[in-house]
Every structure is written in structure tokens, then in C-alpha cells.
Amino acid sequence: QSVKHRGITMTTATLRWTSRRFCKRNVLVRLFSAETVVNDIPDDISKLLNRYRQKSQTSVSLQTLMKTGKGELLGKTYKDDHDLLQNQSATESILQQVAGFIRREMPIRLAHRINDLDSVPMMRDMPSVQAVKAVYIDSFLELIDQPKITSMDVEGHFAGTLQQLYMKHSNVLIQMAKGAYELREAIQSGEVQGTSQMGSVEFARMDECHSFLDNFYMSRIGIRVLVGQYLALRGEPIRDYVGMICSRTSAYEIVEHAAHDASRMCTRRFGDAPEVNIEGRLDLTFAYIPTHLHYILLELLKNAMRATCENHGVYGDLPPITVIIADGTENEDVVIKVTDEGGGIPRSQVDKIWSYLFTTASPTIQETFIADRDHSADSPLAGLGYGLPISRSYARYFGGDLDIMSMEGYGTDAFVHLTRLGDSREPLPV
């Protein structure tokens, strides 16, 4: 039997897949569990996905997010115009505008990524990647069934649905990193054959997989930003914040916070941690998403501390790590430099540090690491192989960058570039 659903003839079996109520009473709920393997997408759902994949994605900038959150694109502002930059509470019109945009945009972005997950060579067959694809399909089907945002009651229900999906996707990076580990193991065991002319492939340099992961992670950052910004706008107002964007982000405070977190993790691993000295523009503030900058700096400081401890040992004096914050009125970027004396990186290994498929973590850590969220405090000091490339994606998302310069035998300098104006649009993959 079949019926019409959004202009597509769908079989009864597919409709059962789209129905949450049915799934909750049926073993099909296992389709969306962490152990799921979904090899083939049903034809009816594939047609829906293709329809949405033909639509263009709409990129946004940091400035656009702030202007929308302030109501400037509606010709409106906040409930209290006298406290515009300090105690901001989004109006109903703002929330309905943002919710309407996400309702239209999210299925399009998900459809593009589902297609990538279903077509990337080798990785698409890994159990963890299949599980991520199942979560994305489930979210896509849920979102296309959401009604138009015509009232605050509908908006409230939509927000509740988004909150659930936001949490469901919270460990996708972990799942994808496990997928890379599964592929690494399959290649090394001979279960997956290489595709190079020599009949084998160097794992960390598989360009097609790298390109896929770059696009997938960049898109995922965009999805998390749009949904996170909307949900933050619905929350209690916080001084100097528009949603999750802080108009007066302090680079010094975030470096301090990241250094504290990295020191705790380093001490847990090695019993000690090097000091972190912060120099330069300690008074600098600018508009940014603090959680993004914290993730980048935490990754760089973790790496610097780990290299310092391994190179010098924890029984002697550990040389300090220096963080320099640079900015000027004529500067194009805010630049943060992290310098260590951890022995540097061999020139032959420099390219590999940007590979999602390369990690120095031990097999034991990779096999046993489980976390509920991507950026959990329980993550090991040496992670699952995506710290630096993901950090670079975070920096590039709003037009910045991350560069590494290393002197083997001495140490490494990392440069974080962040655009001052915030007018760069998302580099959305097609």
C-alpha cells in the first residue's frame, strides 16, 4: 500500500519509519540507536532527500546572526530599547523569524550531508558512520513534518523538537572519529583494500575521505551554530550576549579558562603541567562565539602541554607556554599565538597533523573512549584524531584560520587568526 506524503508516493513501510510514535512502540526504534547500521536508504526517502538536495543552502555571517538576534532585519529591536546591548530579550517576532528560517534551511543542509554519508568511499560502510547517517535521516524526516511557524505555540513546539535533535547530535564528532578508527583498523587488517595504483593506500592521506570529512564537519558546525543561536535567543538574557554570541568576548579570559582546563587534564595524565604566560592585548574584546574560541585554544594548549611534558619529563623544570594576543586598530585580524618548547614536529609529519585520519592516541584509548558529548571534559589528552583539523574548521567558519609552524628539536608556534569585522559568510560545502 502507498499514500502521498509531501508530493511523494511513500510505501506504508516508509511511513512507519517516519513516524516517531510508531517507532517508539516498535523494534524499528533500533534504527536510530548508536549501534545502527543502515546500508540502503528506502527509495521513498531517497526521493525526498534528492528533492531537498536540489535546493541551495543559505549561508550566514556573524554579523547577520547578531543583526537577526537584535531584530534589525525586522525593523524591530529588543523589548527594552534602553538596555539594548546589556539585557537582551528576543521578541516573539524575532523568534518566529529565526524559527521559520531554520525550519526551511535545516532539511536542506541535512539532505546534503546524508548524501555525502551515503556516498563517501570506504567510510560509508563503517558501523559508526552508518549510525550517524541514521540519526541524520531521522532528524531530516522529523523536520520536514514540522508545521509552518504561524504562532508562538507552534514556535514553542518547534523549539522543543529542535532541543531534542540538538542533544541527539551532540556526540556526532565522537561517532565520526570512531568511524575513522574503524576504517583504520579495517585497512590494517586487510578487510578494506586500498585504491592507489600500488594496490594499497596510506591511511592518513586519503584525499577523498579528507575532503568529505572537511565538508561534513564544516557543515555540522554551521548546523550547531544556527540551532544553538536560536535556542540561546529563547533563554534568559545574558549581559553582552546576543544568543550565543558575545559582543565583548575577552580573549584573555578565554585563554585563562582554556589554560586552567588544559592544566587539569595534563596534571591528570602526567602529574604536572607547565605554566601558561599570557602577554599582549589583555584588554582586547570583540564579537565572537566564546565556546568556539575556547575549543580552539584548549586544543592548542593541550597539545603544547603534552609535548612539553613528553619532551622534558615531569621530574625537572618544565618551560612555560606563552600565549600572545595581538591586535591593532588597523589590523585585519585578531591573532593569538601559542608558543611551546615541546620539541617540535618532524617535517615529514607536519602535513599529517591536519588529517582527520591521523592520531597519536594509543589504540587502547581509541577502543575504549566513550563520551556523551563531543567536547566532554572526560576526553583524553590525546584524542581520537580530529582536534587540530576541527579547530581549524572552527577558525575558518567565520573567515579566520589556524596555522602551525614548528622547529624540530625546539618547539611549535600556533597562530589563530580571527576576523575583526565578522562579515565573512559560512563556507558551506555544496
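Every value quoted in this text rests on a predicted model; they were computed, and no experiment measured them.

Student: Break down the layout of surface pockets for me, citing the residues and quoting the values.
Tutor: Put simply, the second largest pocket is a space of about 210 Å³. Surrounding the second largest pocket, 14 residues form its lining, V60, T64, L65, T68 and F101 being those nearest its centre. At the level of secondary structure, the elements contributing two or more residues to the lining of the second largest pocket comprise α4 (62-70), α5 (92-119) and α9 (207-233). Residues belonging to the lining of the second largest pocket are distributed by class as follows: eight nonpolar, six polar and no charged.

Student: Lay out the nonpolar core with the relevant residues and their values.
Tutor: With 113 residues, the main nonpolar core has F140, M176 and Y230 as its most contacted residues. Counting residues per element, this core draws most heavily on α9, which supplies 14 residues. When neighbours within four sequence positions are excluded, Y230 is seen to be in contact with L95, V98, A99, I102, E155, F158, A159 and L162.

Student: Lay out empty space enclosed by the protein with the relevant residues and their values.
Tutor: A complete count under the given rule lists two cavities of 30 Å³ or more for this structure. Empty space within the largest cavity amounts to approximately 140 Å³. Lining the largest cavity are 13 residues, with L165, Y166, H169, I223 and V227 positioned closest to its centre. Looking at the lining of the largest cavity element by element, the count peaks at four residues for α9. Tallied by class, residues from the lining of the largest cavity come to nine nonpolar, two polar and two charged.

Student: If you had to explain the packing of aromatic side chains to someone new, which residues and values would you point to?
Tutor: The full count for this structure, using the stated rule, is nine aromatic pairs. A ring pair is formed by F212 and F216, whose centres lie 5.9 Å apart and whose planes are at 35 degrees; its orientation type is tilted. Pair noted here: F212 and F216 are both in helix α9, with a separation of four residues, about one helical turn. Using a relative accessible area of 7% as the deciding quantity, one classes F212 as buried. Of the residues examined, F216 reaches a relative accessible area of 0% and is grouped as buried. Ring centres of F286 and Y288 lie 5.9 Å apart, and the angle between their planes is 55 degrees; on these two criteria the pair is classed as tilted.

Student: Outline the sheet that holds strand β9 (residues 401-407), supporting the account with residue identities and numerical values.
Tutor: Here we have five strands laid out as an open sheet, ordered β5-β7-β8-β10-β9, and mixed in their pairing. Each of the sheet's edge strands pairs with one partner strand only, and the pair in question is β5 (276-280) and β9. With strand direction ignored, the average angle separating the axes of adjacent strands in the sheet is 15 degrees. The sheet contact formed by strand β7 (residues 321-326) and strand β8 (residues 333-340) spans five bridges and is antiparallel. Among the inter-strand pairings, A326 is bridged to a residue of β8, identified as V335. Where helix α13 (residues 387-397) meets the sheet, it contacts β9 and β10 (411-419), and its direction lies at approximately 135 degrees from that of β9.

About the thresholds
Residues numbered from 1 in each chain as written. Predicted model: local features only at pLDDT ≥ 70, side-chain atom pairs only at ≥ 80, totals over all residues. Heavy atoms only, no water. 1 Å grid on protein atoms, 1.4 Å probe; cavity = no way out; pocket = protein on both sides within 12 Å on 5 of 7 lines; lining within 4 Å. Points joined across faces, edges and corners; volume = space filled by probe spheres on them. Helix = DSSP H or I, 4+ residues; strand = E, 2+ residues; numbered from the N terminus. Nonpolar A, V, L, I, M, F, W, Y, C, P; charged D, E, K, R; others polar. Core = buried A, V, L, I, M, F, W, Y, C linked by side-chain atoms within 4.5 Å. Buried < 20%, exposed > 50% of the residue type's maximum accessible area, 1.4 Å probe, protein only. Contact = heavy atoms within 4.5 Å. Phe/Tyr/Trp six-rings, centres within 6.5 Å; stacked < 30°, edge-to-face > 60°. Pairing = 2+ DSSP bridges. Axes fitted to C-alpha atoms, helices over the stretch in contact; angles between N-to-C directions.

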